[in-house]
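# Secondary and tertiary structure notes
Each chain is listed here by its residues.
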Amino acid sequence: SVTNLTINNVISNNNRSGGLVISNDCSDIHIMNSSFRNNYYDGIAYYDSQRIYTQNSSMIDNNGAGISLDLGITDSIFSNCIVDGSGDVGIFIRFASELRFDHCVIKNSASWAAFMGHNEEQDDAGVHDSVFSGCHILNNVGGIMMSSETQEQSSDNSIVGCVFRGNEQSGRRYYQTEGSTLYRAGNINI
């Protein structure tokens, strides 16, 4: 339950779990100019917390996701971050709301650049009101996937002004949904 913490110029590499894990109702945390590389699970994982601001940081060559967001994470921003070479998805999002990814680069993931879904055991435990804007989505096996099937499960998610290139491998597309709407505007597919 940490509040009002700043993490600046930290290198967190080669850990047996994640490079940084924030959970249990933390709030008002700022992560800047930091690097999370080659961690056994995720580069960073944020759960059950709010108002976490991550900027100018990199999550590179992590075995799981570069970024993992779950269990009620809300009102958080990623700005000018790089997610590169994730062993699974670049960004995993489930049971989250009000997330912003602004001018981030997500590339070379072994699965989707971003995978958004819901917890089937809880009502309304999907991804709501999240936006990718001005991002570069490059050379992942797939682009951005919304796996929720209905608006009740996940709603009001958008991709605005992003560049997509090289993300159509193994039958996947630049953006894909199982039924829940994924709004798209001004994107460039190369």
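Our structure is the block above this text.
Quick summary incoming for the structure in this document. (Residues numbered from 1 in each chain as written. Predicted model: local features only at pLDDT ≥ 70, side-chain atom pairs only at ≥ 80, totals over all residues. Heavy atoms only, no water.)

### Some points on the overall build of the protein
From N to C terminus, the protein includes 0 helices and 24 strands. Against the compact-globule benchmark of 16 Å for 190 residues, the protein has a radius of gyration of 15 Å, which places it among compact chains. C-alpha extents for the protein along the principal axes are approximately 40 × 35 × 30 Å. In the protein, which comprises 190 residues, the share counted as buried stands at 52%. In the protein, 64% of the contacts between residues at least 6 apart in sequence involve partners at least 24 apart. Here the protein has roughly 8400 Å² of accessible surface; of this, 43% comes from carbon and sulfur atoms. For the protein, the separation between the mean place of its 10 positive charges and that of its 21 negative charges on side chains is 10 Å. (Helix = DSSP H or I, 4+ residues; strand = E, 2+ residues; numbered from the N terminus. Rg over C-alpha atoms; globule rule 2.2 N^0.38 Å. Buried < 20%, exposed > 50% of the residue type's maximum accessible area, 1.4 Å probe, protein only. Contact = heavy atoms within 4.5 Å. Areas by Shrake-Rupley, 256 points an atom, 1.4 Å probe, with all protein chains shown as cover. Lys, Arg positive; Asp, Glu negative; His and termini not counted. Charge placed at Lys NZ, Arg CZ, Asp CG, Glu CD.)

### A word on the sheet that holds strand β9 (residues 67-70)
A sheet is described by the order of its strands in space; here 7 strands give the open sequence β3-β6-β9-β12-β15-β19-β22, paired in parallel fashion. Only two strands of the sheet have a single neighbouring strand rather than two, namely β3 (20-22) and β22 (175-177). The sheet shows a mean angle of 10 degrees between the axes of neighbouring strands, taken without regard to direction. (Pairing = 2+ DSSP bridges. Axes fitted to C-alpha atoms, helices over the stretch in contact; angles between N-to-C directions.)

### Thoughts on the nonpolar core
Residues Y46, I93, F101 and F132 are the most contacted members of the largest nonpolar core, which totals 39 residues. When sequence neighbours within four positions are dropped, the list of residues in contact with Y46 reads L20, I22, I31, I52, T54, S68, L69, D70, I73 and F78. (Core = buried A, V, L, I, M, F, W, Y, C linked by side-chain atoms within 4.5 Å.)

### Comments concerning a negative patch on the surface
On the surface, a cluster of negative charge is contributed by E120, E121, E149 and E178. Tracing the chain through its elements places E121 in the loop between β15 (112-117) and β16 (127-128). (Patch = residues over 30% accessible without salt bridge, like charges linked within 9 Å, V, L, I, M, F, W, Y side chains within 5 Å. Salt bridge = Lys/Arg side-chain N within 4 Å of Asp/Glu carboxyl O.)

### With respect to the sheet that holds strand β24 (residues 188-189)
One open sheet accounts for 8 strands, arranged β2-β5-β8-β11-β14-β18-β21-β24; its pairing is parallel. Since the sheet does not close on itself, it has two edges, and those belong to β2 (11-13) and β24, each with one partner. By the bridge criterion, 3 bridges tie strand β11 (residues 82-84) to strand β14 (residues 105-107) in an arrangement that is parallel. Bridging across to β14, V83 finds its partner in I106.

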